There are 4 protein chains.
Amino acid sequence: MRFFAIGGYNEVGKNMSAVEVNGEVVICDMGVQVDKLIEIEGGGDEYRKTSTHKLVQLGVLPDDKVLHGKKVVAIVIGHAHLDHCDAVPRLAERYRCPIIGTPYTCEVIKRVVRDEDVPHIRKHVQPLNAGEVAVLSRNFEVELVNMTHSIPQSALVALHTSEGTVVYLNDYKLDNTPTLGEKPDYKRIKELGKNGVKILVIESVRAGEPGHTPSEMVAKVMVKDTLRKAYEQRRGLVVASTFASHIARLKAIIESNKGERKIAMLGRSLMEYVEPAREMRLLETDEIVIMAKKRRGVAAALEKISRSKDDWLVITTGHQGEPKAVLSRMARQEHAFKFGKDDQVIFSSDVVPVPINMANRSELQRLLKNQGVRIFDGVHVSGHAKREDDRDMIRMLQPEMIFPSHGDKEKLLALASLAEEEGYKIGHTVRVLHNGAIVDR
Amino acid sequence: MRFFAIGGYNEVGKNMSAVEVNGEVVICDMGVQVDKLIEIEGGGDEYRKTSTHKLVQLGVLPDDKVLHGKKVVAIVIGHAHLDHCDAVPRLAERYRCPIIGTPYTCEVIKRVVRDEDVPHIRKHVQPLNAGEVAVLSRNFEVELVNMTHSIPQSALVALHTSEGTVVYLNDYKLDNTPTLGEKPDYKRIKELGKNGVKILVIESVRAGEPGHTPSEMVAKVMVKDTLRKAYEQRRGLVVASTFASHIARLKAIIESNKGERKIAMLGRSLMEYVEPAREMRLLETDEIVIMAKKRRGVAAALEKISRSKDDWLVITTGHQGEPKAVLSRMARQEHAFKFGKDDQVIFSSDVVPVPINMANRSELQRLLKNQGVRIFDGVHVSGHAKREDDRDMIRMLQPEMIFPSHGDKEKLLALASLAEEEGYKIGHTVRVLHNGAIVDR
Amino acid sequence: MRFFAIGGYNEVGKNMSAVEVNGEVVICDMGVQVDKLIEIEGGGDEYRKTSTHKLVQLGVLPDDKVLHGKKVVAIVIGHAHLDHCDAVPRLAERYRCPIIGTPYTCEVIKRVVRDEDVPHIRKHVQPLNAGEVAVLSRNFEVELVNMTHSIPQSALVALHTSEGTVVYLNDYKLDNTPTLGEKPDYKRIKELGKNGVKILVIESVRAGEPGHTPSEMVAKVMVKDTLRKAYEQRRGLVVASTFASHIARLKAIIESNKGERKIAMLGRSLMEYVEPAREMRLLETDEIVIMAKKRRGVAAALEKISRSKDDWLVITTGHQGEPKAVLSRMARQEHAFKFGKDDQVIFSSDVVPVPINMANRSELQRLLKNQGVRIFDGVHVSGHAKREDDRDMIRMLQPEMIFPSHGDKEKLLALASLAEEEGYKIGHTVRVLHNGAIVDR
Amino acid sequence: MRFFAIGGYNEVGKNMSAVEVNGEVVICDMGVQVDKLIEIEGGGDEYRKTSTHKLVQLGVLPDDKVLHGKKVVAIVIGHAHLDHCDAVPRLAERYRCPIIGTPYTCEVIKRVVRDEDVPHIRKHVQPLNAGEVAVLSRNFEVELVNMTHSIPQSALVALHTSEGTVVYLNDYKLDNTPTLGEKPDYKRIKELGKNGVKILVIESVRAGEPGHTPSEMVAKVMVKDTLRKAYEQRRGLVVASTFASHIARLKAIIESNKGERKIAMLGRSLMEYVEPAREMRLLETDEIVIMAKKRRGVAAALEKISRSKDDWLVITTGHQGEPKAVLSRMARQEHAFKFGKDDQVIFSSDVVPVPINMANRSELQRLLKNQGVRIFDGVHVSGHAKREDDRDMIRMLQPEMIFPSHGDKEKLLALASLAEEEGYKIGHTVRVLHNGAIVDR
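This write-up is about the structure you can find in this document. (Residues numbered from 1 in each chain as written. Chains lettered and ligands numbered in written order. Predicted model: local features only at pLDDT ≥ 70, side-chain atom pairs only at ≥ 80, totals over all residues. Heavy atoms only, no water.)

1. Thoughts on the packing of aromatic side chains
Going by this rule: The aromatic pairing rule takes the rings of Phe, Tyr and Trp, using the six-membered ring of Trp, and pairs them if the centres are within 6.5 Å, calling planes under 30 degrees apart stacked, those over 60 edge-to-face and the rest tilted. The cut-offs for exposure are 20% and 50% of the maximum accessible area for each residue type, with area from a 1.4 Å probe on protein chains only; residues under the lower value are buried, those over the upper are exposed, and the others partly exposed. For a Lys NZ or an Arg CZ to count as sitting over a ring, it must be within 6 Å of the ring centre and within 35 degrees of the ring normal.
In total, this model carries 12 aromatic pairs over all chains according to the counting rule given. Relative to Phe339 of chain A, the ring of Phe337 of chain A has its centre 5.0 Å away and its plane inclined at 90 degrees; by these criteria the two rings are edge-to-face. Across the pair, Phe339 of chain A and Phe337 of chain A agree in class, each one buried. One aromatic cluster is present, built from ring pairs that chain together Phe3, Tyr9 and Phe403 of chain A. Positioned over the ring face of Phe347 of chain A is Arg361 of chain A, at 3.6 Å from the centre of the ring. Here the basic side chain of Arg261 of chain D rests over the ring of Tyr231 of chain D, its NZ or CZ set 4.9 Å away from the ring centre.

2. Side note on the sheet that holds strand β15 (residues 312-316) of chain C
Residue and element names in this part refer to chain C. Quick note on the threshold: Strands are labelled as partners when DSSP assigns at least two bridges between them. Counting from the N terminus, the helices are the DSSP runs of H or I reaching at least four residues and the strands are the DSSP runs of E reaching at least two. To get an axis, a line is fitted to the C-alpha atoms, and for a helix only the part in contact is used. The angle between two axes follows their N-to-C directions and goes from 0 to 180 degrees. Any two residues whose heavy atoms approach within 4.5 Å at even a single point are treated as in contact.
Across the sheet, which stays open at both edges, the 6 strands sit in the order β14-β13-β15-β12-β16-β17 with parallel pairing between neighbours. In the strand order of this sheet, the two ends are held by β14 (288-292) and β17 (374-376), each with one partner. Averaged over all neighbouring strand pairs, the angle between strand axes comes to 20 degrees, with direction disregarded. Taken together, the 4 bridges between strand β12 (residues 238-241) and strand β16 (residues 344-347) define a ladder with parallel strand orientation. Residue pairing across strands places Val238 opposite Gln344, the latter belonging to β16. Contacting β16 and β17, helix α13 (residues 355-370) crosses the sheet at an angle of about 160 degrees to β16.

3. Focus on the interface of chain B and chain A
So the rule is basically this: Two parts placed together each lose some accessible area under a 1.4 Å probe, and the buried area is that loss summed for both. What counts as a salt bridge is simple: a side-chain nitrogen of Lys or Arg found within 4 Å of a carboxyl oxygen of Asp or Glu. Pairs of N or O atoms are called polar contacts if they sit within 3.5 Å, as long as, within protein, a hydrogen donor faces a hydrogen acceptor (for residues adjacent in sequence, only side-chain-to-side-chain pairs). Side-chain classes follow a simple rule in which Ala, Val, Leu, Ile, Met, Phe, Trp, Tyr, Cys and Pro form the nonpolar group, Asp, Glu, Lys and Arg form the charged group, and the remainder, Gly included, forms the polar group.
On the chain A side, the residues contacting the 24 residues of chain B number 24 residues. Both faces considered, chain B and chain A share a buried interface measuring about 2100 Å² in area, 52% of it formed by carbon and sulfur atoms. Per-residue buried area on chain B facing chain A is highest for His212, Lys229 and Arg374 of chain B; these three make up 30% of the total on that side. Connecting chain B to chain A are 6 salt bridges. When the shortest N-O distance is used, the salt bridge between Arg374 of chain B and Asp392 of chain A registers 2.9 Å. Viewed at the interface, chain A and chain B are joined by 6 residue pairs in polar contact (both at pLDDT 80 or more). For the side of chain B that touches chain A, the secondary structure elements donating two or more residues are α8 (216-232), β17 (374-376) and α14 (387-397) of chain B. Considering every element that reaches the side of chain B that touches chain A, the biggest residue donor is α8 of chain B, with 8 residues. Of the residues that constitute the side of chain B that touches chain A, the class distribution is 8 nonpolar, 7 polar and 9 charged.

4. Let's talk about the relation of the copies chain A and chain C
Definition in use: A least-squares fit on C-alpha atoms brings the copies together, and the residues used are those whose pLDDT is at least 70 in both copies.
With an RMSD of 0.0 Å, the fit of chain A onto chain C corresponds to turning through 180 degrees and sliding 0.2 Å along the axis. The superposition of one copy onto the other is thereby described by a two-fold rotation axis. Of every C-alpha in chain A, the one belonging to Ala359 of chain A sits nearest the axis of rotation, 3.1 Å from it. In this assembly the copies share their binding face: 100% of the residues contributing to the interface of chain A also contribute to that of chain C.

5. What about the relation of the copies chain B and chain A?
Superposition record for chain B on chain A: RMSD 0.0 Å, screw rotation 180 degrees, translation along axis 0.0 Å. Interface residue correspondence from chain B to chain A reaches 100%, placing this contact among same-surface, isologous pairings.

This is the structure:
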């Protein structure tokens, strides 16, 4: 068995790994580096116009050259976040193989490829339910196991090969009281552990932080509390912004509204995730009076809203201060809309700690504050496992070997150091890889 | 009207203020500096043996000399935390006047005076329910208004005088979904505002932190989540430690147990608060099999527990790493008890950020880790209002003048700066006082 | 006497204040908000094309509307940093009055107005030596007193008026072993104090930081040490970047070279400050073989340098990661130049802590690291006074009243809080102003 | 060859390692855990009374059991800091072998063993000059190479064995302009590299911090600047406190005095290091009018000083806030001495970041501030190499294998990660060890 660390081993972002057995390859994830994407998009329609080759060079896309010419039998996507699936429109075509994920993941991918003008890739997309197994080839079966994260239908990927099982767990949290979907399939996870796991690829984003990650239930309580306090003021617009893909959070926001205000949902990227969620009945959207994703629709909506601010809850994009997102445009008064002293903005997110986000978000908050807006930040809990969750997971799976993924060296080492606490040896049974590394087992 | 800033204007701790009208005085709070108390107690029975004069000099007790000889008509205690009431045994006697608080507050004070060998002070203690008013003298009426904090029956104190109303709000949070007691009495607070507030004394502990303080409901969800995950491991002792006075938190811990393990509650200071809570039916304690407060009882309990660790949940003192608390003694193996690899400790608290606590707590965690204990820290939300809560409060009360209290200069200035955002002027309508300051209005 | 707080009372940047006596006005400083300037310039030639009105609205320029129509008798510039003088080309013309500063300050202003196509303003520029006094009008005399900062010929401005003396001290440090120019004129400062100072306007940039700011001598030792270590490696290019206006630092870099490598100085903004310094014999530039400020010249220089990297020391702009600076262009390989494993970059600066700089600088360092460049950061000491320097200054000047300047509210309050330690009262003898505030004395 | 990691691989402190070749062993360093020592000494004469066995158990001394019974041919001490040599009185006797170090190191060790009542150990102490080699046994030669750190005569230890050379470099900085002694012997270091180094043991205390550590020359400039500014005030006592062993810093303080004030040097631990330095003509002490180490002498000195504070510079112990040090006693007014408003204290040190120090130091500063003392902190540069120094060292020595030492796991990993940048592999050519680890090569 040969393992390829392709992306996400030098950085948080652009996840991509591959496993080769007897000349057949399965790819896990195909993501982009989102912060670099935002920088490029800052200047307009740049991303589309830039060649794939150039995007690889710029570090926006993972460098999959080492796989070119190989017999790839499937691409498996663990969940539908952009840093796990958004390179599909650029890189998948070459491999002419099935693209496998849970139904919701597949729906998002279909939209992504449509939006980037490679709609013919859609025909390769094949949904597989969590809890089910698909035979991929002579050497590979893929199994998806239900997992919790910050997007619907996240899955642990188990690749059962003729040379043993590889578990790909990138990203996850252990949420025993999820507000959307089921809790992790502990029973199956423990069975995998008993049957033997050869390699565990596991995210390291928060492996250096102590304790457990709190349940999404905590965020739900905080969202409700903050929104209801905002409503008590009775006057002014209330805006809530969160990750477009965080359907559970959107659900919490909408439910906290209790039908009191009319809801407008504004922003292209929100629709990307909300539409499939609505279609698959993961999100109840009856209270949403306006849904607008294109600039013209957003402008019209904001004009309408500005005539009776006290009646509206706006759910929108822009929590990272992205200059082109709706919230930033509102703050810059690019639409027929002006913030005022009675308006309130709730950020149901944290700031993803890369400098471009910090700069953008800081500028956004400055603009909002100057217009007298009251700001509520950090109404949020993370979707990434912390140190003790990782320990639980390692104890359940008891892998022979661990490859920390999804982080820079410091993060990978944090997970490796945890593995040492659990009896593994750095350099031997736990390996700190870098993009481009190849390991034979 | 003359206002005396006596304690808590240079530091977080030893709160004490007083209002004088026509030669009559009412004192609000009479607290100690808890971190210094712990330092002194570190050496044994020091505190008792040290004279009141010396304790004032050392900064453990507030310096109330300025009030000596004055006609004090009442001491009103807002809630039963030590930094608000624990100087009563040392300083109250001189004033020979009623000591007023909510029923729970009064019960704790009675125990405090008994433990410090001044039981005769008990006869001065006079409970007053939140929502009620008592006439104190020709010039003073006192009203207690239901408030939320991190101890039962906290109250906003309104002193109605012949020269206007003083509101003393130290400490509080705005919890709309409390897990014990009722939410703040917003209706009455707004009425006070409408009728006119001359001076608002308001805590500043977290006035520099943005947003709202989350509800205790959030802590309840986290406690349950962490405890249930700890139980899932099935083996080993589970220990939870929190503030002895935080009855709502203790309730969350006990309820999360769902009758699954036997509960032992160990530690003198816990009893100080739990016993009155049980008597007043604020806390259901049927699942608590052992309650031990003296050293001998604790030792016996731990010996018993060590024989079947898997069956026990221990709730105990020591979350700040206090060297003399039960948890520290357990960690130092002073009892017939040894921690082992399967044991887990949950700190349902934050570390009060003074150096002595940080040093103590760090030493405790080091000891626990060396014995292989799994640690869960920060399963907690604060009991102190943050910036936007303070803003809501100022808007509801619309005081003529604001005195930030309970903090060092930096904290007082944070509240003052918020007040400026709301239209007040530092040095004029918001005043940054220091211990010993006197203001005439 | 009437005092106008025009710019630099809500932010670090765009300093501008004014004093009115009997209908005559003197303006102190006329600066821009540099970080916003950089943001705007990010898109190209934007700044020039944007109207003054719009730049005021965007917060790039101070809003001096309140002075329009008044009889301004002089504009005094304390030193030649952009946040103190770069609004002159935009705002000065209206006032048709002398623009006064030390000779070096005046030389820089002349270049600034030439570059921004208002060369006729030059004729208003009138140098005044430190240590000298000029009569401005019936009501005003201006005196410049030698001070130390991070640019040559900084001055404390003393406005002697018929209603008392105003001292404008923005910015400064107390450097007793400066490496360029003389130490502060303590004798005269103490005299001013003895004669009576009505108002002291004093910078607050680092007033919250304890201790003294170290002498520039410390930076000189560090620069030499780092550069000599870089040279010891013998191979590869060495690049040093610092503030273009920091002539003392450039002097340290050039002297540390000891004639060993050829020096190229690249970048437009460097020339702005170096040329007058050379002409005034403040900086010896004989070892500088190439000086290039335009894009074409820089490109040619870099092509030449890239053929024998081991022989060159490049001094250049870009220490804040400004995307259009030479260093950023080099890192992005926009010129016929490639960094390699043996190259070293020394940042003789700190990152001015605003988000846009942090994002830019972080991106620059990432690019450099990816190309294998060894980076030496923070070879620097600050040019701004710290808390104990401010205390010394207040004790020497003994002003009746203090207005902290050059900072957001937090910084102004830090200085105010220091003043309280020295016996002043916030709201009375020390005032925390905001842009637009007017104070009558 | 067998390598024993005995102490300093889990912590900053109690350094001890050993190398075995053909049944013969050489020990490098024999240090204590200083912060724990301080905790124990807090209670009085505890340390002496505690058994060696207990001190090992408490983690104060390294656990050398694995070496018991082995044929140890020498103990080599790299420099005279307590965390490298202070376990000699407790652990060395058993091995009945020479104790080797540079002359200054040996002088300090002789005092240490005398003070702890094992004077007979003195006869084993054998000085060896830097630059010289001593044959120890059939299998071992030891060479000391001149190195810079924060104590005189620090040495890199090279053990030349029949199976290759081990370099033990713990601790060091690369100071090219030291203010006492010579710069590192780069010529010999490079020769060692060329001849082949099998194992490099290298400190990791600051390996995670970027850049170079500045030269002691920087501290000297800052000390002079701060002291001269303190003198300018003319009134009040000036106190300077630094590491007792930091003779170069003491030299800077004394030279900055320029004979202006009388100097008193107070504190037992200062004498421990100053006396040998004076005898070996490393420090000129003529200006020191009073030297007192015992309590009675200190008391008498302070009484004298308090009568004419303006005439004195006191150099003393207590910069970490150690409760029993002279400065703490002065602050607590245990002597006939009172601090006042004109007094100034200069801390020429940083706070060693362990909680007990932070708590002690914070308490000390609080006491000083309450008495109106002006405090100057951090007038200091580190004695430990930073990341780029380590890189230079690795490039010069080109070892086959690297063992990071003197740090917890995080610090060791920081050095290991640097080694990976230089081409080493974690787990193979760079090994992250723990106390008790044994490596065969």
